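# Fold and geometry: a report
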Amino acid sequence: MKTIGNILWLLLTGLWSAISYVFLGIIWCITIIGIPFGKQCFKLAGFIIWPFGRKANTDFGKHAILNVIWIIFGGLGLCIGFFFAGLLWCITIIGIPFGKQCFKFAKLSIMPFGATIEKA
């Protein structure tokens, strides 16, 4: 079931989201100061491409300053986007698992520093 969910996610939402994160990561990595932020974008892009069967453990206090900078320079907009995408997915019963994934990504999009990705 996870494989079917991942394939549908990839086709409907994940591919475009991952491409957006990779593009954002490249933009961040152009400057030397932005490299840590670009690395977070690449980490999230890899997670977004195949999310079912994986979870994110969070320890946001560990990198609080970087998370605050992230929120100011784009994290809030990404979080709002995933939140509204999750609401749209949850309109139908079939879309609820995809909406739950969007809400998971909204949480990670607001504060990615300190999060680790592992199998569920």
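Before reading on, note that the structure itself is shown above.
I will try to describe carefully the structure that is included in this document. Predicted model, so just to flag it, every value in this text is computed and none were measured.

## Re the overall build of the protein chain
- A count of helices and strands for the protein chain gives four helices and two strands.
- Start at the N end of the protein chain and walk to the C end: the helices and strands fall as α-α-β-α-α-β.
- Based on the C-alpha atoms only, the size of the protein chain along its principal axes is roughly 40 × 25 × 25 Å.
- When burial is assessed residue by residue, the protein chain has 36% of its 120 residues classed as buried.
- Expressed as a percentage of contacts within the protein chain between residues at least 6 apart in sequence, the contacts between residues at least 24 apart total 72%.
- When the accessible surface of the protein chain is summed, it comes to about 7100 Å², and 78% of that surface belongs to carbon and sulfur atoms.

## Some words on the packing of helix 3 (residues 64-89) against helix 4 (residues 96-110)
- Two elements in contact, helix 3 and helix 4, have axes separated by 7 Å at closest approach and are oriented at 170°. Relative to helix 4, the element helix 3 is oriented roughly antiparallel.

## Observations regarding the packing of aromatic side chains
- Following the criterion strictly, the structure yields 14 aromatic pairs and no others.
- Here Phe47 and Phe105 contribute two aromatic rings whose centre-to-centre distance is 5.1 Å and whose plane-to-plane angle is 75°, an arrangement assigned as edge-to-face. Pair noted here: Phe47 is in helix 2 (residues 35-49) and Phe105 is in helix 4, with a separation of 58 residues, a long-range link.
- Accessibility expressed as a relative area gives 0% for Phe47, which makes it buried.

Conventions we followed
- Residues numbered from 1 in each chain as written.
- Predicted model: local features only at pLDDT ≥ 70, side-chain atom pairs only at ≥ 80, totals over all residues.
- Heavy atoms only, no water.
- Helix = DSSP H or I, 4+ residues; strand = E, 2+ residues; numbered from the N terminus.
- Buried < 20%, exposed > 50% of the residue type's maximum accessible area, 1.4 Å probe, protein only.
- Contact = heavy atoms within 4.5 Å.
- Areas by Shrake-Rupley, 256 points an atom, 1.4 Å probe, with all protein chains shown as cover.
- Axes fitted to C-alpha atoms, helices over the stretch in contact; angles between N-to-C directions.
- Parallel < 35°, antiparallel > 145°, perpendicular 65-115°, else oblique.
- Phe/Tyr/Trp six-rings, centres within 6.5 Å; stacked < 30°, edge-to-face > 60°.

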